[in-house]
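Fold and geometry: a report
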Amino acid sequence: MKKKIILGFLLTVAIGMLSAQQLKVYPVPASIVYGRHNDDFTVQVRIPGGEWQDLYEFDVNVDNDTRSKVSMVSFDFYKEVELKVRLNNGTLQKVKIRPDKAGITPVIQGNQFIFRLDKPQKLSVEVNGNKLNNLHVIANVMVKDAPLPNDNNVMYFGPGVHKPGDIPGDVFVIPSNTTVYIDGGALIQGKLLCNKVENVKIIGRGIIDQGVRGVEITHSRNITVEGIKIINPRHYSIYLGASQNITIKDVSAFSLGSWTDGIDMMSCSDVTIDDVFLRTSDDCIAIYAHRWNFFGNTTNVRVSNAILWADIAHPINIGVHGNVAAEGDTIRNLSFKNIDILEQDEDDRSAQGTMAITSGDKNYISNILFEKVRIDEIEEGQLFSLKVVLDPKYGNGAGRSIENITFKDISYKGALPNPSVVMGYDAQRKISNILLKNFNINGTVVLNPEQANMKVGQYTEGLRFER
């Protein structure tokens, strides 16, 4: 009997140690527990067969039209976990987990449901068809080799709420050659500023909360932002200007309000964006040339494995701004691969397009690839918008041209949105060499503009459809 008790105790300890190695739930600062909680759902997580652990359901604001409240939970894990979700208000009838590529079908048990994850993912969990009061699950990989507070060249934000000192603009200024570590239990209420610096890493699992911006990177190089979450900034979540060699990875952002884009860049080069979830009330990703105090072309931008949800404006917006005084800029060599677009809801026809390319301000835009883009039914908008324009609202001159654009393996499912637009400006400022390969709507490959629900202007050359 004594041996059995000892063996049972050792087994319990071993299971507890294994669980700790495979699942990490971070504490929430005591000062926000009641004020920032959303009670729509109760969410728990565990290693299969282990003890359930409670997750904190953050109250997050989205959609500047409806000003809705959604829930967000996060944790780290390795191998496999189970989640149990209870709907606290109303009767549970059905559950949808997006993006569809995740292939998750929950098991419903009364007013709660259970599902498993076998890899880190970012998900929208929608109950009874409600996308405006849904649950966002941000499941990250386990942190490895985290720096220590006293390590050299480390700016460490441990558990708790962090506010800047007596510095105008609510800013934490980051110097060169610094690793900023944000613990998963940390809540930073201020902007992280990288200006005229190099060799900076901003990493961790914590949250930047309601800052002027989340992260601002200007006139800098060799900067990495990885693993963090940005909630309800008053302006852009991540703002890039005149910077090079930038990596943004495993970042989630949610916004409410005008000018609350996700990731915006002006006059940048060699930018990698990977594994992001952006739900915004303005453009999710916007790629410009010259704007404000930033000058130069934008080149070599790679976006992959992204989930984009534009409650207002564009999921992807390219072009628009440039330097008219210098006869325009160039935006080229961009790629977007393995993208899930969960929504566009924009009532302004001039600002529609889940994938929008607008040449204004004498800009030349070329060599852009969209590949494996899956678009769910959108509330209001267009699938494609390719235009050379003179737009007095945002520019000071007509665009130069758009050419060499490839859409490959693009799919849309749902009721048809507004017609897509492909439109040059005049005989000298055209759109040319546009390929749509294996573009399908509701499972049918389309092979001409009529099937594609597309309006083509007269200053368009070389528009092709292929299987």
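Just so we're clear, the structure is a prediction, and the values are computed from it rather than from any experiment. (Residues numbered from 1 in each chain as written. Predicted model: local features only at pLDDT ≥ 70, side-chain atom pairs only at ≥ 80, totals over all residues. Heavy atoms only, no water.)

The number of helices and strands found in the chain is one helix and 42 strands. For 467 residues, the compact-globule estimate of 2.2 N^0.38 gives 23 Å, and the C-alpha radius of gyration of the chain, at 23 Å, lies within 12% of that figure. The long-range fraction of contacts in the chain, counting pairs at least 24 apart against all pairs at least 6 apart in sequence, stands at 69%. Total accessible area computed for the chain in this model is approximately 19400 Å², and 48% of it derives from carbon and sulfur atoms. Distance from the positive charge centre (50 side chains) to the negative charge centre (53 side chains) of the chain: 5 Å. (Helix = DSSP H or I, 4+ residues; strand = E, 2+ residues; numbered from the N terminus. Rg over C-alpha atoms; globule rule 2.2 N^0.38 Å. Contact = heavy atoms within 4.5 Å. Areas by Shrake-Rupley, 256 points an atom, 1.4 Å probe, with all protein chains shown as cover. Lys, Arg positive; Asp, Glu negative; His and termini not counted. Charge placed at Lys NZ, Arg CZ, Asp CG, Glu CD.)

With respect to the helices and strands, Ser401 occurs in strand 36 (residues 401–412). Given the relative accessible area of 12%, Ser401 is considered buried. Ser401 has contacts with Ser359, Asn363, Tyr364, Ile365, Val388 and Lys430, leaving out every residue within four places of it along the chain. (Buried < 20%, exposed > 50% of the residue type's maximum accessible area, 1.4 Å probe, protein only.)

Attention now goes to the pattern of salt bridges. One pass over the structure, following the stated rule, counts 24 salt bridges. Glu80 serves as the salt-bridge partner of Arg116, at 3.4 Å between the closest nitrogen and oxygen. One end of the pair, Arg116, is in strand 9 (residues 112–117); the other, Glu80, is in the loop between strand 5 (68–77) and strand 6 (81–87), with 36 residues separating them in the sequence. The class for Arg116 is partly exposed, based on a relative accessible area of 43%. Between Glu343 and Lys131 there is a salt bridge; the shortest N-O distance is 3.0 Å. Here Glu343, found in strand 32 (residues 330–344), pairs with Lys131, found in the loop between strand 10 (121–127) and strand 11 (135–141); they are 212 residues apart in sequence, far enough to count as distant. Judged by relative accessible area, Lys131 falls into the partly exposed class, the value being 23%. One salt-bridge network, in which partners are shared between bridges, spans Arg46, Glu80, Glu82 and Arg116. (Salt bridge = Lys/Arg side-chain N within 4 Å of Asp/Glu carboxyl O.)

This next bit is on the sheet that holds strand 37 (residues 420–423). Spatial strand order, 14-17-20-23-26-29-31-33-35-37-41: eleven strands in an open sheet with parallel pairing. In the strand order of this sheet, the two ends are held by strand 14 (171–173) and strand 41 (454–456), each with one partner. Sheet twist, expressed as the mean angle between neighbouring strand axes with direction ignored, is 10 degrees. Bridge count between strand 29 (residues 285–288) and strand 31 (residues 316–319): three bridges; the pairing is parallel. Counted as the bridge partner of Ala286 is Asn317 from strand 31. (Pairing = 2+ DSSP bridges. Axes fitted to C-alpha atoms, helices over the stretch in contact; angles between N-to-C directions.)

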